[in-house]
Amino acid sequence: MRRMNTTPSKTTTPSTTTPPAGTTDPAEGSADAVTEEATAQDSLVKGLATDSPAKDPAPKDTTGTPSDAADSGTVPDDLAGQSDDDDDDDDALEPDPFDEARHGVGAGAAAVVSAALGVVALTGAWTGRVAAERETLIGQIQTSGGGSAAQQISEIYGDAWHTTALVNGVFAVLALLVGVFVLVRPAFGAPSERPQPTWVRAVALAGVALGVLGVLISAGMYFDLFVSLPTAGVPAGG
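Since this is a predicted model, take the numbers as computed values, not measurements. In every chain, residue numbers begin from 1 and rise along the written sequence. pLDDT decides what is reported in this predicted model: residues at 70 or higher carry local features, side-chain atom pairs at 80 or more are listed and counted, and totals for whole chains, interfaces and linings draw on all residues regardless. Calculated side-chain values reflect all of the structure's heavy atoms, with hydrogen atoms and water omitted.

### Examining the overall build of the protein chain
Helix and strand definitions follow DSSP, with helices as H or I runs of at least four residues and strands as E runs of at least two, each counted in order from the N terminus. Within the protein chain, the regular secondary structure consists of seven helices and zero strands. Traced from its N-terminal end to its C-terminal end, the protein chain shows the element sequence α-α-α-α-α-α-α. Contact criterion: two residues are considered in contact whenever any of their non-hydrogen atoms come within 4.5 Å of each other. Here the analysis covers contacts within the protein chain between residues at least 6 apart in sequence; of these, 81% occur between residues at least 24 apart. Throughout, the Shrake-Rupley method with a 1.4 Å probe supplies accessible areas, and for residues the shown protein chains are the sole cover considered. Total accessible area computed for the protein chain in this model is approximately 18,000 Å², and 63% of it derives from carbon and sulfur atoms.

### Here's the deal with the packing of helix α5 (residues 126-142) against helix α6 (residues 149-184)
Axis lines are fitted to C-alpha atoms, over the contacting stretch for helices. Their N-to-C directions set the angle, which ranges from 0 to 180 degrees. Closest axis-to-axis distance for the α5/α6 pair is 8 Å, and the angle between their directions is 155 degrees. Comparing their axes, α6 and α5 come out roughly antiparallel. Regarding α5 and α6, the two cross each other, and that crossing is right-handed. Facing α5, whose interface residues are Thr127, Gly128, Ala131, Ala132, Glu135, Thr136, Gly139, Gln140 and Gln142, α6 presents Glu155, Ile156, Asp159, Ala160, Thr163, Thr164, Val167 and Phe171. Roughly parallel means an angle under 35 degrees; roughly antiparallel means over 145; roughly perpendicular covers 65 to 115; every other angle is labelled oblique. Crossing handedness: left-handed means the near helix sits turned counterclockwise from the far one by under a right angle, and right-handed means the same turn made clockwise.

### Overview of the packing of α6 against helix α7 (residues 198-222)
Where α6 meets α7, the closest approach of the two axes is 7 Å, and the angle between their N-to-C directions is 155 degrees. With respect to α7, the element α6 is oriented roughly antiparallel. The way α6 lies across α7 gives a crossing that is left-handed.

### A closer look at the confidence of the model for the protein chain
Confidence per residue, as judged by the predictor, is encoded in pLDDT with a range of 0 to 100. Mean pLDDT for the protein chain: 74, with 54% of residues reaching 70 or above. For the protein chain, helix α2 (residues 66-93) is the element with the lowest average pLDDT, namely 51, and α7 is the one with the highest, namely 96. Contacts of residues 6-24 to residues separated by more than four positions or lying in other chains number zero contacts, the stretch itself having pLDDT below 50. Confidence drops under pLDDT 50 across residues 69-73; counting only partners more than four residues distant or on other chains, this segment forms zero contacts.

### Some thoughts on the side chain of Thr163
The topology assignment puts Thr163 in helix α6. Look past the residues within four positions of Thr163 in its chain and what remains in contact with it is Ala131, Ala132 and Glu135.

### With respect to the packing of aromatic side chains
Working definition: a ring pair exists when centres of Phe, Tyr or Trp rings (six-membered ring for Trp) sit within 6.5 Å. Plane angles under 30 degrees give stacked, over 60 give edge-to-face, the rest tilted. A complete count under the given rule lists two aromatic pairs for this structure. Ring centres of Tyr157 and Trp161 lie 6.3 Å apart, and the angle between their planes is 20 degrees; on these two criteria the pair is classed as stacked. Of this pair, Tyr157 and Trp161 both sit in helix α6, four residues apart, which is roughly one turn of the helix. The class for Tyr157 is partly exposed, based on a relative accessible area of 40%. Type-normalised accessible area, obtained with a 1.4 Å probe on protein chains alone, sets the label of each residue: buried when under 20%, exposed when over 50%, and partly exposed for intermediate values. A relative accessible area of 28% means that Trp161 is categorised as partly exposed. With a centroid separation of 5.3 Å and an interplanar angle of 85 degrees, the aromatic rings of Tyr222 and Phe223 are classed as edge-to-face.

Below is the structure:
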């Protein structure tokens, strides 16, 4: 006959009691640690993703990428723009040959005219010759009815000589006036950006010198300072 065990059997059941205050559940602590670790890893990944474009230089692609092609296309444009600006600055600094050619044309022409008038005053002009021939003809007409030898010399030869000197003197005065005008023109009126060309001043000075010389020679001819008029001799035995 068997004996019945009246002692209750021990069974293990999970404890459902709440831990005392101030203590943490091991399972809950491990979950929090995993969550914090995952959050830290996410932050690190985001930081690396943000810093990598600024810190790490882009690798050089030997085959050429679209960005490299774009950069290679824009750099020559910038260089071309700079070269165009430099060319414009050089063009602005360099004088225009057409402006240089036009500058001083009027003054140069006046200087040449002054020198030409001075030469005419020294060598004589056809106007002076024509005027002298006219005076000769007038003297012949006046002395055709009779007159002394001195009167004939004065009317036929002397008047023609003085007329030639007068005409040459007019040309000399014109040469002098035009040359002086060319030389003093820059001092009057609107100031010019460029100085008067050297050749213009040289030719104007030549015209002034020839004009002064022509005036002196013409004055000596007119007043018979160089040579005097011929005189008629007294007939012998008369």
